[in-house]
Amino acid sequence: MTETTPAVDLAEAEAQVDLPPLGSQERYDALMQVVRNRVTVRKFDPDYVVPDDHFRLILEAARHGPSGANAQPWQFIVVRDAALKALISEYFVAEQRFRAKAKMKFPTPDYRGLATAPGFVVVCSDMRWVNAFPVLNDGSDLDRMYHENAERILLQSVAAATMSAHLAAAALGYTVWWVTAIGQEEAQTHMRPLLGIPEQISVLDILVFGPPAAKPYKRWRRPPEEIIHWDRYNPDHFMNDAELEDWIKTRRHRVMFKDASKVD
Ligand SMILES: Cc1cc2nc3c(=O)[nH]c(=O)nc-3n(C[C@H](O)[C@H](O)[C@H](O)COP(=O)(O)O)c2cc1C
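Overview of the structure.

Turning to the overall build of the protein, a few remarks are in order. Check the secondary structure of the protein and you find nine helices and four strands. Reading the helices (α) and strands (β) of the protein from amino to carboxyl end gives α-α-α-β-α-β-α-β-α-β-α-α-α. Overall, the protein is about 65 × 50 × 50 Å in size when its C-alpha atoms are taken along their principal axes. Relative to its full complement of 264 residues, the protein shows a buried share of 21%. Long-range contacts, defined as pairs at least 24 residues apart, comprise 78% of the intrachain contacts of the protein with a sequence gap of at least 6.

This part covers the site of the ligand. Taken together, V39, T40, R42, P109, W178, V179, T180, A181, R219 and M256 are the residues near the ligand. Of the residues in the shell around the ligand, the class split is six nonpolar, two polar and two charged.

Further remarks concern helix α5 (residues 141-171). In an α-helix there are 3.6 residues to a turn, and that puts residues three or four apart on one side. Counted at 1.5 Å a residue, the expected span for α5 with its 31 residues is 45 Å, and the 45 Å between its end C-alpha atoms agrees. Restricting attention to buried positions, one finds in α5 the residues A150, L154, S157, V158, A161, T162, A165, H166, A168, A169 and A170. In this structure, the buried residues of α5 make contact with α2 (25-36), α3 (52-63), β2 (119-126), β3 (175-179) and β4 (201-210). Positive backbone phi, approximately 95 degrees, marks G173, located one or two places after α5.

Attention shifts here to the environment of M256. Among the secondary structure elements, M256 is positioned in helix α9 (residues 252-256). Through-space distance from the C-alpha of M256 to that of L136 is 40 Å; in sequence the pair is 120 residues apart.

Core analysis: the biggest nonpolar cluster contains 40 residues, and V123, A169, I206 and V208 have the highest contact counts within it. Broken down by secondary-structure element, the contributors of at least two residues to this core are α3, α4 (82-102), β2, α5, β3 and β4. For this core, the element with the most residues is α5, which contributes eight residues. Contacts of A169, omitting those with residues within four sequence positions, involve I58, G119, Y174, V176 and F209.

A separate point is the sheet that holds strand β1 (residues 75-78). As summarised here, the arrangement of the four strands in space is β1-β2-β4-β3, forming an open sheet in which the pairing is antiparallel. Strands at the two margins of the open sheet, each flanked by one partner only, are β1 and β3. Neighbour to neighbour, the strand axes of the sheet diverge by 25 degrees on average, direction disregarded. Sheet topology note: the β1/β2 ladder contains four bridges and is antiparallel. Bridge pairing in β2 places I77 opposite V122.

Relative to each other, α4 and helix α6 (residues 185-195) sit at 170 degrees, their axes nearing to 9 Å. Comparing the axis directions of α4 and α6 gives the class roughly antiparallel. For the pair α4 and α6, contact is made by L84, L87, I88 and Y91 and by A187, H190, M191 and L194, respectively. In terms of residue class, the contact of α4 with α6 is built from seven nonpolar, one polar and no charged.

Moving on, we come to the environment of G119. Note that G119 resides in strand β2. Classification of G119 by C-beta neighbours within 10 Å gives buried; the count is 27. In sequence terms G119 and P46 are 73 residues apart; their C-alpha atoms lie 10.0 Å from each other. What G119 contacts, discounting residues up to four positions off in sequence, is V50, A169, Y174, V208, F209 and G210.

This part covers unusual backbone geometry. Although it is not a glycine, N137 sits at a positive phi angle of roughly 55 degrees. Here N137 lies in the loop between β2 and α5. For D231, which is not glycine, the phi dihedral falls at a positive 70 degrees. Tracing the backbone through its elements, the reader meets D231 in the loop between α7 (224-227) and α8 (241-250). Overall, the presence of 5 C-beta atoms within 10 Å leaves D231 in the exposed class.

At a minimum axis distance of 7 Å, the contact between α3 and α5 shows a crossing angle of 145 degrees. At the point where α3 passes α5, the crossing takes the right-handed sense. Mapping the contact onto sequence places L57, I58, L59, A61 and A62 in α3 and A161, T162, S164, A165, L167, A168 and A169 in α5. Looking at the contact of α3 with α5 residue by residue, the class counts come to ten nonpolar, two polar and no charged.

Reading the values: the criteria
As a convention, each chain's residues are numbered from 1 in the sequence order in which they are written. Under the rules for a predicted model, residues below a pLDDT of 70 receive no local features and side-chain atom pairs below 80 are neither given nor counted, while totals for whole chains, interfaces and linings still include all residues. Only DSSP runs of H or I covering at least 4 residues are called helices, and only runs of E covering at least 2 are called strands; the numbering of each starts at the N terminus. Any residue whose C-beta has 12 or fewer other C-beta atoms within 10 Å is treated as exposed, any with 20 or more as buried, and any in between as partly exposed, C-beta atoms being built from the backbone. For every residue pair, C-beta atoms are placed from the backbone, and the pair is scored as a contact if these atoms sit within 7 Å. Put plainly, near means the residue's C-beta atom, positioned from the backbone, lies within 6 Å of the molecule or strand in question. Nonpolar residues are Ala, Val, Leu, Ile, Met, Phe, Trp, Tyr, Cys and Pro. Charged residues are Asp, Glu, Lys and Arg, and all others, Gly as well, are polar. What a helix is expected to span follows from its residue count: subtract one and scale by 1.5 Å. Each nonpolar core reported here comprises buried Ala, Val, Leu, Ile, Met, Phe, Trp, Tyr and Cys residues connected via C-beta atoms within 7 Å. We treat two strands as partners when DSSP finds at least two bridges between them. Working convention: axes come from line fits to C-alpha atoms, limited for helices to the stretch in contact. Angles between N-to-C directions cover 0 to 180 degrees. Any angle from 65 to 115 degrees is called roughly perpendicular, while one under 35 is roughly parallel, one over 145 is roughly antiparallel, and all others are oblique. We call a crossing left-handed when the near helix sits turned anticlockwise from the far one by less than a right angle, and right-handed when that turn is clockwise.

Shown next, in the form of structure tokens:
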């Protein structure tokens, strides 16, 4: 029989948890100060250099993120080389132009700020980690259903860690930018050779941060009563297809940017 070693020293692991008293307003306020002030900008001070320690502090927050099966299916590539950043950003600027021509009607942001962004972390995962979650791997319909869920578990896990990193960056005083416009295979094939990423590994997003080039602003938030349901789904919040379509047509561009004319 194989010997099973506990993964942690239990006494030490318990000692590592330091929760405040229940309902601690002080800790809540400290957290919310960071949460509220995590704001997106898409152009940063190009002359600022992020100390390596700040990258470490930010990724330390990511490391503590929760994940399905505690698989921690994430890898973070800190890109400091200016030439590499410029090469990576070329894809995004081209994609931005392509989208404009393809008439997707999506108010595509300006990706030129990527090339000179001081903080640049490529977030990767190995999609084979889905096998760490409940799957059958027998090619059946049932297995497809479980695989779909396993993929969601994986993506949610990486997003959770990424969010912690964004908050840590905000806590250090940086403005942030979460870039996901890279799911397309083309983006993967552009970036993998530049960063020496094996083909099994997928780039999921880029965490960009730095001091802002212009004054940052807070974007619109839905009021709590629009999103919180108590005990049952409140049908007042259900949008039919036409309402949803109308929202996308008339509101989306107004909530993504300061105003419709000022795409940033
Ligand atoms: C999952 C996710 C994907 C995003 N993808 C992009 C992206 O590809 N490009 C971009 O410019 N911004 C992207 N954003 C940033 C959002 O546009 C931004 O968070 C949103 O407009 C709210 O603004 P705030 O971050 O200032 O609160 C993304 C954010 C999240 C959480």
